[in-house]
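# Per-entry structural report
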Amino acid sequence: MGAWCMASSSVVAQLIGATLFTLGSGCFAWQAFVDDWVDIFKTGCALWIGGCVVYLWPPLYNQYNKKGVRIGDLLQLAGMVAWIVGSAYGFHDDLDRVGLPVVRGGFLAGSVCLLLDALLQVLHAARTPGAQNEMFSVAADVLAGLFYMIASVLGGFATDIRLVRIGNLCWIPGSLLYFVRPCLALFAGERMSAARARRQG
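Here is what the cut-offs are and how they apply
- Residues numbered from 1 in each chain as written.
- Predicted model: local features only at pLDDT ≥ 70, side-chain atom pairs only at ≥ 80, totals over all residues.
- Heavy atoms only, no water.
- Buried < 20%, exposed > 50% of the residue type's maximum accessible area, 1.4 Å probe, protein only.
- Helix = DSSP H or I, 4+ residues; strand = E, 2+ residues; numbered from the N terminus.
- Arc of directions from axis to C-beta.
- pLDDT = per-residue confidence, 0-100.
- Contact = heavy atoms within 4.5 Å.
- Polar contact = N/O pair within 3.5 Å; in protein donor to acceptor, adjacent residues only side chain to side chain.

All right, on to helix H3 (residues 57–64) then. Buried residues of H3: Pro-58, Pro-59, Tyr-61 and Asn-62, and no others. Take H3 and look down its axis: the buried residues cluster within an arc of 155°, on one side only.

Of all residues in the chain, 87% have pLDDT values of 70 or greater, and the mean over the chain is 88. At the level of individual helices and strands, the chain shows its lowest average pLDDT in helix H9 (residues 180–200), which scores 68, and its highest in helix H8 (residues 171–176), which scores 98. In this model residues 1–6 is a low-confidence stretch, pLDDT under 50, and it forms five contacts with partners more than four residues away in sequence or in other chains.

The residue Gln-31 is located in helix H1 (residues 2–31) in this model. Here Gln-31 falls in the buried class, since its relative accessible area comes to 13%. At a separation of 3.2 Å, a polar atom in the side chain of Gln-31 contacts the main-chain carbonyl oxygen of Phe-28.

Quick look at the structure:
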């Protein structure tokens, strides 16, 4: 029962994290289209920090229970820490000279880590084929990583405002794709519970 509760808490953490990331992504997209963008940007950074803190739990849970690929868990942790540091510098007093360069670097580093983790999941799935839900989850993680890479590169380093806006918009689909894994896990859990109830009945 305790293990089941911890596993469920990991799914809930992913749902909460994806929600905060999606809200933060909306702020990042919005701030690219307005002149008075600083407060919107800071709101996005605050939401992003919250999402990262929550998302630290699943890899820590995996390590506690010795589940998953250790390198992948470390990449997830490193990615979230990089995003937290980058987001925190969004509140720096000297945003132009100090804050934004660290934000750009932190978001790029975090996105690289999470894309590498997703690609490792592909290699692991190729060696040990699993359930259909896991294949969909891995595909969603890869797509999310690609969208995050595009967002961090274009949104952070492009000089053409049109490319910056495209990049910032890419945070949104990347974050929405993070709902796939926990939602599939919830649906699978409901089906298992229903099947167990039928057997007991």
